[in-house]
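In case you want the letters, here they are:
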Amino acid sequence: MRTFVRCGKLFDGLGDAWTTAATVVVEDGKVSFVGASGAAPHPDADAGDLVLDYAKYCVIPGLIDLHTHLAYGNAKSEENIDIYAPMEFRALRGLFFSQQVLAAGYTSICSPGDAGRISLSVRNAINAGLFHGPRVMAAGPYITSRQGLADWYPSWIGTPETGVGHLVRSLDESIEEVRRQVERRRVDCIKIAMDGRRMKRDDGEFTGRVHATRDHCHRGRGPPPRAEGHRPCARPRGRPFAARARWTSSSMPSCMDEEGLAGRRQSLRHRANADLPPPTSTSPSPRTRPGPGRRAASQERVRHRLQGPAARRDAGVPLLPGTDSGFALTPYGEWHAKELMICAKHLGMTNAQALRSATSRPRSSSISAAA
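Note that the structure is predicted; figures quoted are calculated from it, not measured. (Residues numbered from 1 in each chain as written. Predicted model: local features only at pLDDT ≥ 70, side-chain atom pairs only at ≥ 80, totals over all residues. Heavy atoms only, no water.)

Peer 1: Which parts of the structure should I look at to understand the overall build of the protein chain?
Peer 2: Scanning the protein chain from terminus to terminus reveals 11 helices and 14 strands. The long-range share in the protein chain, meaning contacts at least 24 apart out of those at least 6 apart in sequence, stands at 67%. Within the structure as shown, the protein chain displays about 17,600 Å² of accessible surface, and the carbon and sulfur contribution to it stands at 53%. (Helix = DSSP H or I, 4+ residues; strand = E, 2+ residues; numbered from the N terminus. Contact = heavy atoms within 4.5 Å. Areas by Shrake-Rupley, 256 points an atom, 1.4 Å probe, with all protein chains shown as cover.)

Peer 1: In this structure, what is going on with the pairing of strand β1 (residues 2–10)? I would like to understand it.
Peer 2: For β1, a buried count of 7 out of 9 residues is recorded, marking the element as mostly surrounded by other parts of the structure. By the bridge criterion, 8 bridges tie β1 to strand β2 (residues 19–27) in an arrangement that is antiparallel. The residue of β2 that forms the bridge with R2 is E27. Pairing between β1 and strand β4 (residues 50–59): 7 bridges, direction parallel. Across the sheet, the residue bridging to F4 is V51, located in β4. (Buried < 20%, exposed > 50% of the residue type's maximum accessible area, 1.4 Å probe, protein only. Pairing = 2+ DSSP bridges.)

Peer 1: Hey, could you run me through the sheet that holds strand β6 (residues 106–111) in this one?
Peer 2: Picture the strands of a sheet paired through backbone hydrogen bonds; they go either parallel or antiparallel. Within the open sheet, the 3 strands sit side by side as β5-β6-β7. Their pairing is parallel. Both outer strands of the open sheet, β5 (63–65) and β7 (135–138), are each paired with one neighbouring strand and no more. Neighbour-to-neighbour, the strand axes of the sheet open up by a mean angle of 10°, direction not taken into account. Across 3 bridges, β5 lies against β6 in parallel orientation. Directly across from D65, in β6, lies its bridge partner I109. Sitting on the sheet, helix α3 (residues 118–127) is in contact with β6 and β7, with an inclination near 145° to β7. (Axes fitted to C-alpha atoms, helices over the stretch in contact; angles between N-to-C directions.)

Peer 1: Looking at this structure, I do not really get α3. What am I missing?
Peer 2: A turn of α-helix holds 3.6 residues, and therefore any two residues three or four places apart point the same way. Across the 10 residues of α3, 7 count as buried, placing the element largely inside the fold. Along α3, the residues classified as buried are I118, S119, L120, V122, R123, A125 and I126. Residues of α3 that are buried sit in contact with α2 (87–103), β6, β7 and α4 (171–185). One or two positions beyond α3, positive phi appears at G129, with a value near 80°.

Peer 1: Would you take a moment to explain the sheet that holds β4 for this structure?
Peer 2: The 4 strands are arranged β3-β2-β1-β4 in an open sheet whose pairing can be described as mixed. Edge positions in the open sheet fall to β3 (30–36) and β4, since each of these has one partner strand only. Neighbour to neighbour, the strand axes of the sheet diverge by 20° on average, direction disregarded.

Peer 1: Sorry if this is basic, but what is going on with unusual backbone geometry here?
Peer 2: Excluding glycine, residues mostly carry a negative phi; peptide bonds, for their part, are mostly trans. Positive phi, normally seen in glycine, also occurs at N74, with a value near 55°. With respect to the element layout, N74 can be found in the loop between β5 and α1 (78–82). Looking at N74, the relative accessible area reads 24%, which means it is partly exposed. Unusually for a residue other than glycine, D324 sits at a positive phi of about 60°. In this fold, D324 is placed in the loop between β14 (319–320) and α9 (335–346). On the basis of relative accessibility, which here comes to 6%, the residue D324 falls in the buried class.

Peer 1: I'm lost on the environment of A193 in this one. Help?
Peer 2: Following the sequence through the fold, A193 ends up in the loop between β10 (189–192) and α5 (204–219). Using a relative accessible area of 0% as the deciding quantity, one classes A193 as buried. C-alpha separation for the pair A193 and G148, spaced 45 residues apart in sequence, amounts to 6.2 Å. Apart from the residues within four sequence positions on either side, A193 is in contact with Y142, I143, T144, S145, G148 and L149.

Peer 1: Explanation requested: the packing of aromatic side chains in the structure shown.
Peer 2: Each aromatic ring pair is summarised here by two numbers: the centre-to-centre distance and the angle between the ring planes. This model, assessed by the stated rule, comprises 6 aromatic pairs. Plain terms: the ring middles of F11 and W18 are 5.4 Å apart, the flat faces sit at 45° to each other, and that makes the pair tilted. Taking the relative accessible area as the measure of exposure, W18 reaches 38% and is therefore partly exposed. Ring geometry for W152 against Y153: centres 6.5 Å apart, planes inclined by 85°, an arrangement best described as edge-to-face. (Phe/Tyr/Trp six-rings, centres within 6.5 Å; stacked < 30°, edge-to-face > 60°.)

Peer 1: How should the pattern of salt bridges be read in this particular structure?
Peer 2: Counting across every chain of the model gives 5 salt bridges. Residues D49 and R2 are paired through a salt bridge, measuring 2.9 Å at the closest nitrogen-oxygen approach. One end of the pair, D49, is in the loop between β3 and β4; the other, R2, is in strand β1, and 47 residues separate them in sequence. For the residue pair D49 and R2, the accessibility class agrees, reading buried in each case. Taking the shortest distance from any N to any O, the salt bridge between R146 and D151 comes out at 3.5 Å. (Salt bridge = Lys/Arg side-chain N within 4 Å of Asp/Glu carboxyl O.)

Peer 1: Explain α9 to me, please; I cannot follow it from the model alone.
Peer 2: The terminal C-alpha atoms of α9, which comprises 12 residues, lie 16 Å apart, in line with the 16 Å expected from a rise of 1.5 Å per residue. Within α9, burial applies to W335, H336, E339, L340, I342 and C343. Mapping the buried residues of α9 onto a view down its axis gives an arc of 160°, with all of them on the same face. When the buried face of α9 is taken as reference, the exposed residues oriented beyond 90 degrees from it are M341 and K345. Positive backbone phi, approximately 80°, marks G348, located one or two places after α9. (Expected span 1.5 Å × (residues − 1). Arc of directions from axis to C-beta.)

Here it is, written out as C-alpha cells:
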C-alpha cells in the first residue's frame with residue numbers, strides 16, 4: 001500500500017524554489033517519489049493506496065532541532081530542572097513535551113543531556129512503538145567539572161544525583177564516565193560541558209581533561225563496547241574551549257574569537273547550533289517591571305548573542321537550528337519556528353536558507369545521522 005500526498009505547494013529542502021501542484025509518494029515507510037503531480041504514479045485503489053489531499057496547503061519535510069532538553073519542563077531555574085520533580089514524573093512529562101515538539105512539525109530532535117535516563121527512556125518508548133513522538137537522539141548527564149556549566153549549586157549542596165550534570169574530578173573519571181554512558185546507558189551522543197561562565201583560562205589540567213574526553217568519544221579506548229563513533233557535543237562558553245575544532249556539534253560559544261572561528265573552518269565535521277535569544281528577553285515584563293538599566297543590559301546580551309551565530313555563518317560554519325527548548329523563555333513546540341524567523345530577520349538568511357538549515361543540512365551532517 002502506498003500513500004499519496006497531494007500538495008498545493010511543496011518545499012523539498014534541497015533548493016530554494018517551491019513546487020506547485022506537487023505529489024509525494026510514500027511506500028513501505030520510505031519516500032519513493034517527490035515532484036510535479038503530472039509526473040507522479042497513479043494511485044491504485046484496488047491495492048489499497050491512500051490519497052491525502054493537502055492541495056490547499058504548503059507541505060515541507062519534517063524539521064530538525066539539535067538542542068531540545070526533554071527533561072527540563074519549561075523550567076524557570078536550575079532548581080526547577082534538578083530538584084522539584086521526581087525522575088519518574090520528569091520522564092512522563094518529557095514524553096508529553098516530545099509530542100508537542102512533533103505537533104510543531106519537528107520530527108527529529110537531539111536531546112543533549114539531562115538527569116538519569118529520562119531522554120533515553122523517551123527515545124526507547126517511541127522507538128518501541130508505545131507512543132507517537134519524534135526521532136530522539138539522546139545523551140546522558142552532562143560531563144562537567146568544577147565551575148563547569150552544570151556545577152551550579154553552592155559547595156554545601158554539591159551536585160545532586162537528580163541533577164543534569166555528572167561531576168568529574170580527574171582525567172580518569174572523565175574517560176570512565178564516557179565508557180559508562182556508552183556501555184550502560186546506550187547513549188547516542190556525549191554532552192561535554194566542562195567550562196562555565198567565568199572560565200577563560202587555558203590551564204593545562206582542565207584543557208587536557210576536555211580534549212582527552214573528546215578524543216575518547218571519537219576514537220574509543222579500553223575493552224568493548226568502545227566509545228568510538230559516539231558524537232561529542234559541547235557547550236563551550238570559555239574562549240579556549242570554544243577554539244577547538246574537533247567537536248561534532250557545539251552550542252552557545254559566546255566567547256568565540258578569531259582563533260575559534262579559524263578552528264571551525266578547519267573542521268569539516270563541525271556543525272554549530274544557532275541558539276538564538278528569545279526577543280522577549282528585551283521586553284519589560286509586567287511582573288518584574290525592570291528599570292531602564294535592566295532593559296538596556298538585556299538588549300546588550302541579545303546583541304552579543306546574535307553576533308556569535310552571524311560570525312559563524314560568515315566564517316563558513318554550517319549553522320543549524322538548536323533552540324535550547326525546555327526553559328520558560330523557550331517553551332516546547334513554540335520557540336522552534338520562531339528561531340527560524342529570527343535567522344531570516346537578524347542573520348541575513350533567506351526564508352529558504354532558514355528552512356534548509358532545519359531540513360537538508362542537518363540530515364547531511366554527522367550529528368544527525370543517528371537521529
